[in-house]
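Coordinate inspection notes
Given next are the chains, with one letter for each unit.
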Amino acid sequence: MQLTELTQLAGIMLAGAASMRAAIGMISIAGRKYQFARQEKKYVAQFRNATAEVFRHSDVKPLNSEISWQGKRRFRVSRRVYENVNQDICSFYLEPNDRRSIPPFRAGQFLTFAVPVPGQAEPVVRCYSLSNGPDAQGHYRVTVKKIAAPENAPQGTPPGQSSTYFHNHMQPGALVDVFAPTGSFCLDEASDKPVVLIAGGVGITPLVSMLQRLIATGSTREIWLIYGVRNKSEHAMYEYLQKVARETYNIRMIVVYSQPTNTCRHTVDYHIRGHINEQLLHPILEARDCDIYLCGPAPMMKSLTGAFRNMAVPDENIRIEAFGPASSTPAGSPKKSAETAPEQTFQVEFSRSGKKVNWLPGDGSILELAMANGIKARCGCRQGVCGTCAIALQDGRVKYERQPDKNPPSGKCLPCIARPQSDVILDM
Ligand SMILES: Cc1cc2nc3c(=O)[nH]c(=O)nc-3n(C[C@H](O)[C@H](O)[C@H](O)COP(=O)(O)OP(=O)(O)OC[C@H]3O[C@@H](n4cnc5c(N)ncnc54)[C@H](O)[C@@H]3O)c2cc1C
């Protein structure tokens, strides 16, 4: 990072502190009325904390369990809007085809789609984060980046199936089957700590939902949005983000371009050239006990989870969402909860592939173990929602990391969220 950029970052931080101090000053003039409101707010916050505690320690889904739907439900595209200069990131507004009400969701959650890709025997299952705030009425919004074939892939490699379908076929009026909102990467609304939202590329989507929720609820929390993209052509939701950063006194936005072009305006479009890294985050995280939400590509997740460790950020302050198989297990990410003692090692036999491997608690789910050992597996959401990965459990016992949304048929299990509880044999 250049000295000028550091100075500028310091400027953003001082401006943030100054405007927050000014706001606090104004509040104090309101005197007794404010005192009363503050008491009330304190009790509301205490109540919310207590409620959040209950949710944290149970499998209860706070918002959508009662009026949600099971399995697939048909939605119609009501509108689509390109969100970047390159026009490879597009938002899709979805309304239920049955015109009945749709459940609310928690900011940060995602929808799972069964996408009717032409030429595929079965729908392709993919997840997309909800990119609107939960307060929007009557519709959901997802924002999809069109995925091309990797640059170094052999000629003829097809582009991303689902994202290409969304961009090419999901015009207003198009229908698609959708599973209900789910996911545990959610804004903790009971917390009053500063919020640090860190996004890379299209990983901005769940964080925009959180941002919208914080704004809609009039949150007075200190909010940092740190967004890294290649340059302005890939900068998603540019106008919206500029507007909220300009108009919301408690939001500080830092945009980092890794490859700015001549037309990218330093200090206007972006603040720092390079990547989001420890040097940038250190002054922000050092001074605050904050809630961090991180969503981005695999290399960024890997490097930042390492940076958090170096900065001794407590694990419970960090929430991470990974988009898809490539980035689902960033090496160096905070350790998964070790309910299983380290000495508990089990043998996993993948009978169809003829492979036997040892599973250790650090290996994660059976699906992760299979993929790490080169075993091909069908999967969709990787969160126990869509059921795409269901396979026969031929012997042994498994335990789920979280309760599946729908139990698989008898004799089958969902390897994406299953861990062995004994030696197991699976039809994979
Ligand atoms: C919880 C969650 C939330 C998500 N939210 C979002 C979101 O908000 N927005 C978003 O855009 N994405 C999001 N994703 C990612 C999304 O689900 C998909 O993974 C993404 O759209 C790519 O899917 P695809 O079907 O288009 O690509 P795929 O068909 O899965 O292909 C992926 C890549 O593999 C390449 N490929 C295909 N075949 C081969 C081959 N034979 N050899 C080499 N390469 C090959 C393709 O060219 C492509 O580059 C999310 C994922 C999760 C898990």
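Below you will find a few notes about this structure. From a predicted model like this one, the values you see are computed outputs, not experimental measurements.

Cut-offs used in this document
- Residues numbered from 1 in each chain as written.
- Predicted model: local features only at pLDDT ≥ 70, side-chain atom pairs only at ≥ 80, totals over all residues.
- Heavy atoms only, no water.
- Axes fitted to C-alpha atoms, helices over the stretch in contact; angles between N-to-C directions.
- Helix = DSSP H or I, 4+ residues; strand = E, 2+ residues; numbered from the N terminus.
- Parallel < 35°, antiparallel > 145°, perpendicular 65-115°, else oblique.
- Left-handed = near helix turned anticlockwise from the far one by under 90°.
- Contact = heavy atoms within 4.5 Å.
- Nonpolar A, V, L, I, M, F, W, Y, C, P; charged D, E, K, R; others polar.
- Near = heavy atom within 4 Å.
- Polar contact = N/O pair within 3.5 Å; in protein donor to acceptor, adjacent residues only side chain to side chain.
- Areas by Shrake-Rupley, 256 points an atom, 1.4 Å probe, with all protein chains shown as cover.
- Pairing = 2+ DSSP bridges.
- Buried < 20%, exposed > 50% of the residue type's maximum accessible area, 1.4 Å probe, protein only.
- Arc of directions from axis to C-beta.

Put simply, helix α6 (residues 278–286) and helix α7 (residues 298–310) touch, their axes get as near as 10 Å, and they point 45° apart. With respect to each other, α6 and α7 are oriented oblique. Between α6 and α7 lies a crossing of right-handed hand. In contact with Glu-278, Leu-281 and Leu-285 of α6, α7 contributes Leu-304, Ala-307, Phe-308 and Asn-310. Classifying every residue of the contact of α6 with α7 by side-chain character gives 5 nonpolar, 1 polar and 1 charged.

With respect to spatial proximity, 25 residues lie near the ligand, and among them Cys-127, Tyr-128, Ala-148, Pro-158 and Ser-163 are the closest. Contact distances for the ligand include 2.7 Å between an oxygen atom and a side-chain N or O atom of Tyr-128. Between a nitrogen atom of the ligand and a main-chain N or O atom of Ser-129, the distance comes to 3.1 Å. Relative to its unbound accessible surface of 980 Å², the ligand loses 76% to contact with the protein.

Time to look at the sheet that holds strand β1 (residues 72–82). Backbone-to-backbone hydrogen bonds pair the strands of a sheet. The strands run either parallel or antiparallel. The antiparallel open sheet is built from 6 strands, whose spatial order is β4-β3-β6-β1-β2-β5. The open sheet terminates on both sides in strands that have one partner only, identified here as β4 (124–129) and β5 (140–145). This sheet shows a mean twist of 40° between the axes of neighbouring strands, independent of strand direction. Relative to strand β2 (residues 89–96), β1 runs antiparallel, the two being bridged by 7 bridges. Residue pairing across strands places Tyr-82 opposite Cys-90, the latter belonging to β2. Each of β1, β2, β3 (110–115), β4 and β5 touches helix α3 (residues 161–169); the most contacted strand, β4, lies at about 75° to it.

So, about α6. Residue pairs three or four apart in sequence face the same way in an α-helix, which turns once every 3.6 residues. Residues Leu-280, Leu-281, Ile-284 and Leu-285 constitute the buried set of α6. For α6, the arc enclosing every buried residue in end-on projection is 105°, short of the 170-degree limit, so these residues lie on one face.

With that out of the way, let us pick up the pairing of β1. As paired elements, β1 and strand β6 (residues 175–182) share 5 bridges and run antiparallel to each other. Each bridged residue has a counterpart across the sheet, and for Arg-76 the counterpart in β6 is Leu-175. Counted between consecutive antiparallel strands, the loop separating β1 from β2 contains 6 residues, among which Gln-87 sits at a positive phi close to 55°.

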